[in-house]
Amino acid sequence: MADIFREVDEDLRRESAERIWQKYGTYIVAAALLVIVATAGWVGWREWRESQLQADGARFSQALQSAEAGNVDPATATLDALAADGAASYPLLAELRLAAVQAEQGDTAAAVATYRRIADDASVRAPYKDLAVVLLALHGFETEDPQALIGRLQPLVASSPLRFSAIELTALLHHRAGDDAK
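These numbers were taken from a predicted model, which means no experiment stands behind them.

Cut-off values and rules
Residue numbers run consecutively from 1 along every chain, following the written order of its sequence. In view of the model being predicted, local features appear only for residues whose pLDDT reaches at least 70, and side-chain atom pairs are presented and counted only at 80 or more, with totals across whole chains, interfaces and linings using the full set of residues. Excluded from the side-chain calculations are hydrogens and water; all other atoms, namely the structure's heavy atoms, are used. By the criteria applied, helices consist of DSSP H or I runs no shorter than four residues and strands consist of E runs no shorter than two, each listed in order from the N terminus. Throughout, radius of gyration means the C-alpha value; the globule benchmark is 2.2 Å times the number of residues raised to the power 0.38. The contact criterion used is simple: two residues touch if any of their non-hydrogen atoms lie within 4.5 Å. Note on scores: pLDDT gives the predictor's confidence for each residue, bounded by 0 and 100. Each salt bridge in this description consists of a side-chain nitrogen of Lys or Arg and a carboxyl oxygen of Asp or Glu lying within 4 Å of one another. Burial here depends on accessible area, computed with a 1.4 Å probe over protein chains only, as a share of the maximum for the residue type. Under 20% is buried, over 50% is exposed, and the range in between is partly exposed.

A.B. asks: Describe the overall build of the protein, with residues and values.
C.D. replies: In terms of helices and strands, the protein carries 7 helices and 0 strands. For the protein, the sequential pattern of α-helices and β-strands runs α-α-α-α-α-α-α. By the compact-globule yardstick of 16 Å for 182 residues, the protein is too spread out, its C-alpha radius of gyration being 31 Å. Principal axes of the C-alpha set define a box for the protein whose edges measure 110 × 40 × 25 Å. Here the analysis covers contacts within the protein between residues at least 6 apart in sequence; of these, 43% occur between residues at least 24 apart.

In structure tokens form, the structure reads like this:
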């Protein structure tokens, strides 16, 4: 007798499951496919992004090696290209290194212009912007207006990790401007 009730109960459950599957089966399959396609897309994009970063890292490393070997023109060309079309932080790193190469080659005006461009870029995060301001002041010490450089350094004096360099440069710029009391 108990077997009959169990069989009836199982038949009712199976019929209920079949009705649910007939009513919502298409949606369940579509949702599963959507999850699979979205996951595949995410993984594919992440792999593509990783390959882009690795390629940019290799280009940056090649430019650094060229610059160290004294091959300035290929290094400058690679850094320019990386600054224009690099991924993630490579454009900023390329611009900073490009300015350093320009300064090493004696092209102080180009280095100052590059550091100024970095310092004035609103998308650059504060530590890098602060570094660009300090390097701008260092390389533009002889050629730039001391008061303008002091004005750029003042925000760094209060709270930047580079505040001690900013304080020292500010003092030197005041001395250059003839204001030894400051």
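A.B. asks: Summarise the confidence of the model for the protein; cite the residues concerned and give the values.
C.D. replies: Predicted confidence across the protein gives a mean pLDDT of 92, with 99% of residues reaching 70 or more. Taken element by element, the predicted model of the protein shows its lowest mean pLDDT in helix α1 (residues 2-68) (91) and its highest in helix α4 (residues 108-120) (96).

A.B. asks: Please give an account of the side chain of S66 that cites residues and values.
C.D. replies: Its location among the elements puts S66 in helix α1. Other than its neighbours up to four places away in sequence, S66 contacts N71 and A75.

A.B. asks: I'd like a rundown of the pattern of salt bridges, residues and numbers included.
C.D. replies: Across all of its chains, the model carries 7 salt bridges by this definition. Residue R117 is joined to E95 by a salt bridge in which the shortest nitrogen-to-oxygen separation is 2.8 Å. One end of the pair, R117, is in helix α4; the other, E95, is in helix α3 (residues 90-104), with 22 residues separating them in the sequence. Assessed through its relative accessible area of 43%, R117 is described here as partly exposed. Across the pair R152 and D120 runs a salt bridge, and its minimum N-O distance is 3.0 Å. Taken together, the residues span a long stretch of sequence, with R152 in helix α6 (residues 146-159) and D120 in helix α4 at a distance of 32 residues. By relative accessible area, R152 is classed as partly exposed at 24%. Several salt bridges converge on common partners, so that one network encompasses D56, R59 and D85.

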